[in-house]
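Here is how the chains run, residue by residue.
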Amino acid sequence: MSKVYICTAIPYVNGNPHIGHAMDYLLSDTYARYSRAKGEEVRFQVGTDEHGNKVFSTAQKNGISVEEYAKQNSDKFRTFIEELKISYTDFIRTTSPEHVRRCQEIWRQLSDHIYSAEYDGWYCEGCERFVTQKEYDENGGTCPDHQKPYEKLSEKNYYLRIGDFKERIREVIETDEMKILPEFRKQEMLRLLEDAPDISISRPKKQLSWGVPVPGDDDQVMYVWVDALSNYITVLGYPDQDISDFWPAAAQFVGKDILRFHTITWPAILLGLGLPLPKNVVSHGHVLSNGQKMSKSIGNVIDPIEVLGKHGLDAFRYFFLHHIDTFADSDFTWEKFENAYNNELANDLGNLVQRLATLCKKNQIPGQPAPTTLDSTYCELMDKFEFNKAFDFVWHKVQDLNKSIDEQKPWELAKNGETEKLQQVLSGLVEGLLDVAVLLAPFLPDTAEKIATIFTAPEITPPVTPLFPKN
RNA sequence: CGCGGGGUAGAGCAGCCUGGUAGCUCGUUUGGCUCAUAACCAAAAGGUCGUUGGUUCAAAUCCAACCCCCGCAACCA
């Protein structure tokens, strides 16, 4: 049995879980379940990124300790992940003592590639932060919130020397040793890599207090990268334990917006540690709402909990895994969601289960064992992470079964007393549906389970309430 | 000239790499069936494949120019 490690980006806990996080989880979970179906041993990481100023200041505003605030928000994500029935094996918090300690050890191991330098920029005393040149220009050199001119300020930062690894990173991307999916993102990343600057990886403590202290420098705290990215290996026990059973990851799932950090910064860290790079980095698009980016100011944000509440988990998983493109941006609307539920889940699949179970019961057709093999076309698509295409393939099988029932007219066979033919036909259909259930399992685990239960039972009985009831 | 993606039936997409009867899902219309959640099945209507020009016996597909949308560039997945 081979071992497979699957990683998801860890969300920053200064907000509530939204649709985008769900995409990370659904895609990785589908891959995890598929891998298990192939007989692989899966380790599956999820977690939360909890350091940084935003978390710190929001906690202060709310009048609670930063530890407590981080925990509360981390728990929100954990609950969300549980609600989606994500089959993770490891949950990491970047504030956990083990992670903090391991992170510091990683920093030490990277020291040959770290240097300190002065960072110059425009700073607002009121905001306690630097602004970009662009922001400076737009605001005419004065902070709009504090009505005070930005001042030129210089501070010490540690930097990670990306240049040490550029050549090698280009090589692994070009050769697909670290494969970036989809292909067009790979091109984008190669382009970005060309002029990727060294990365600032620390801040003075007076500016950023809520974070991992830089080892050997009491005045500096790690800024996001080494802290957050290293979670993928600290959760496995690195550097205390040998992680070679599971590392390199078979797949890391990330949103397109943070792909660059996973194809440049993260590989640089790994190369600095002498570790192999993830085999696949899969970048998904963003979910649009009515064709537009979701944003609070437009007011078109879709709340995943609300979608979840509408028709349950599998309807949620169905829509986002089948109708949302695995790699590109695509649109969610309530109308599309309702149509998918009614036409596809209820009419195509739910009704198929109902009619076939009824036919079997009337004609006393017994259940049969579930198949164990996976269709090869399906596997090809799944192995390429083309989940929505694989789902489409499964759905055509559902439609074919409906067709097949109409063509073979088992009710006529029953009427004419052609018992033997009837049994043969219905058994064939049951076999087909069980086949579908197996392929469906990575996407809709509960539904697949229900179908299997019905059609492997000694006596097939239609469910009392249909699988996807219509209102 | 910043980088990238895209413009194919009412909607969403595939086909383009490796030119040769334009395909899928939803929607619409009509017909059929009755096992089933008024579900299912079949058939039909509907496209000058963004524009212009080029290459070719032949272009959605290759080449050139142009127009239009979108994303990133800027710590919203």
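Residues numbered from 1 in each chain as written. Chains lettered and ligands numbered in written order. Predicted model: local features only at pLDDT ≥ 70, side-chain atom pairs only at ≥ 80, totals over all residues. Heavy atoms only, no water.

## Notes on the overall build of chain A
Okay, so step 1: For chain A, the count of helices and strands is 18 helices and 16 strands.
Okay, so step 2: By its C-alpha atoms, chain A is 90 × 45 × 40 Å across when sized along the principal axes.
Okay, so step 3: Within chain A, the fraction of its 471 residues that count as buried is 52%.
Okay, so step 4: The contacts in chain A between residues at least 6 apart in sequence include a share of 77% that link residues at least 24 apart.
Okay, so step 5: The average position of the 51 basic charges and that of the 70 acidic charges among the side chains of chain A differ by 2 Å. (Helix = DSSP H or I, 4+ residues; strand = E, 2+ residues; numbered from the N terminus. Buried < 20%, exposed > 50% of the residue type's maximum accessible area, 1.4 Å probe, protein only. Contact = heavy atoms within 4.5 Å. Lys, Arg positive; Asp, Glu negative; His and termini not counted. Charge placed at Lys NZ, Arg CZ, Asp CG, Glu CD.)

## A closer look at the protein's contact with RNA strand B
Okay, so step 1: Close to RNA strand B lie 38 residues, the nearest being His 18, Asp 257, Asn 351, Arg 355 and Asp 406.
Okay, so step 2: The sugar-phosphate share of atoms of RNA strand B within 4 Å of the protein amounts to 64%.
Okay, so step 3: At a separation of 3.3 Å, a sugar or linking oxygen of RNA strand B approaches a polar side-chain atom of Glu 188.
Okay, so step 4: Separating a sugar or linking oxygen of RNA strand B from a side-chain N or O atom of Lys 362 is a distance of 3.3 Å.
Okay, so step 5: Residue assignment for the surface near RNA strand B shows that the elements contributing at least two residues are helix 1 (19-37), helix 7 (183-194), helix 13 (334-362) and helix 15 (387-408).
Okay, so step 6: No other element matches the 11 residues that helix 13 contributes to the surface near RNA strand B.
Okay, so step 7: Taken together, the residues of the surface near RNA strand B break down into 10 nonpolar, 15 polar and 13 charged. (Near = heavy atom within 4 Å. Polar contact = N/O pair within 3.5 Å; in protein donor to acceptor, adjacent residues only side chain to side chain. Nonpolar A, V, L, I, M, F, W, Y, C, P; charged D, E, K, R; others polar.)

## Some thoughts on the sheet that holds strand 8 (residues 151-160)
Across a sheet, paired strands are connected by hydrogen bonds in the backbone, their directions being either parallel or antiparallel.
Okay, so step 1: The 4 strands are arranged 5-4-8-10 in an open sheet whose pairing can be described as antiparallel. Because the sheet does not close on itself, it has two edges, and the strands there are strand 5 (129-131) and strand 10 (199-200).
Okay, so step 2: Bridging between strand 4 (residues 114-124) and strand 8 involves 10 bridges; their strand directions are antiparallel. Residue pairing in the sheet places Ser 116 in a bridge with Tyr 158 of strand 8. (Pairing = 2+ DSSP bridges.)

## Observations concerning the pattern of salt bridges
Okay, so step 1: The final tally for this structure, using the stated rule, is 24 salt bridges.
Okay, so step 2: A salt bridge links Lys 3 to Glu 41; its shortest N-O distance comes to 2.9 Å. Linking Lys 3 in strand 1 (residues 3-8) with Glu 41 in strand 2 (residues 41-48), this pair joins segments that are 38 residues apart in sequence.
Okay, so step 3: Overall, the relative accessible area of 30% leaves Glu 41 in the partly exposed class. (Salt bridge = Lys/Arg side-chain N within 4 Å of Asp/Glu carboxyl O.)

## Structural notes on the packing of aromatic side chains
Okay, so step 1: Here the structure, examined in full by the defined rule, presents 30 aromatic pairs.
Okay, so step 2: Note on Tyr 31 and Phe 387: the rings are 6.4 Å apart at their centroids and 35 degrees apart in plane angle, and the pair reads as tilted. Of this pair, Tyr 31 sits in helix 1 while Phe 387 sits in helix 15, placing them 356 residues apart in sequence.
Okay, so step 3: When the centroid spacing of 5.4 Å and the interplanar angle of 80 degrees are considered together, the rings of Phe 319 and Phe 332 count as edge-to-face. Taken together, the positions of Phe 319 in helix 12 (residues 313-323) and Phe 332 in strand 16 (residues 330-332) put the pair 13 residues apart, joining distant regions of the chain.
Okay, so step 4: Among the aromatic residues, ring-to-ring pairing joins Tyr 31, Tyr 34, Phe 253, Tyr 378, Phe 385 and Phe 387 into one connected group.
Okay, so step 5: Seen from the ring of Phe 246, Arg 43 lies directly overhead, with NZ or CZ sitting 5.7 Å from the centre.
Okay, so step 6: A cation sits over an aromatic face here: Arg 78 above Phe 91, 4.0 Å from the ring centre. (Phe/Tyr/Trp six-rings, centres within 6.5 Å; stacked < 30°, edge-to-face > 60°. Lys NZ or Arg CZ within 6 Å of the ring centre and 35° of its normal.)

## Side note on the side chain of Asp 49
Okay, so step 1: Residue placement: Asp 49 occurs in the loop between strand 2 and helix 2 (53-61).
Okay, so step 2: The buried charged residue Asp 49 lacks any salt bridge, with Arg 93 as its nearest oppositely charged partner at 10 Å.
Okay, so step 3: Excluding residues that lie within four positions of it along the chain, Asp 49 makes contacts with Ile 10, Pro 11, Tyr 12, Val 13, Thr 94, Val 224 and Ala 228.

## As for the sheet that holds strand 9 (residues 179-181)
Okay, so step 1: The strand order 3-2-1-13-14-9 describes an open sheet built from 6 strands, whose pairing is parallel. Here the strands that pair on one side only, and so sit at the sheet edges, are strand 3 (90-93) and strand 9. If you compare each strand with its neighbour and ignore which way they point, the axes differ by 20 degrees on average.
Okay, so step 2: In the sheet, strand 1 pairs with strand 2 via 5 bridges, with the strands oriented parallel. Looking at the pairing, Tyr 5 lines up with Arg 43 of strand 2.
Okay, so step 3: Set on the sheet, helix 10 (residues 259-273) makes contact with strand 9, strand 13 (251-255) and strand 14 (280-284); between it and strand 13 the angle comes to about 130 degrees. (Axes fitted to C-alpha atoms, helices over the stretch in contact; angles between N-to-C directions.)

## Overview of the pairing of strand 13
Okay, so step 1: Taking burial as the measure, the 5 residues of strand 13 include 5 buried ones, the bulk of the element.
Okay, so step 2: Burial along strand 13 is two-sided: the face carrying Ala 251, Phe 253 and Gly 255 and the face carrying Gln 252 and Val 254 are both buried.
Okay, so step 3: In terms of strand pairing, strand 1 meets strand 13 through 3 bridges, oriented parallel. Within the sheet, the bridge partner assigned to Ile 6 lies in strand 13 and is Ala 251.
Okay, so step 4: In this structure, strand 13 lies alongside strand 14, joined through 4 bridges in parallel fashion. Its bridge partner lying in strand 14, Phe 253 is registered against Val 282.
Okay, so step 5: After leaving strand 13, the chain enters helix 10 and then returns to the sheet as strand 14, a path that is right-handed. (Right-handed = clockwise from strand over helix to strand, strands pointing away.)

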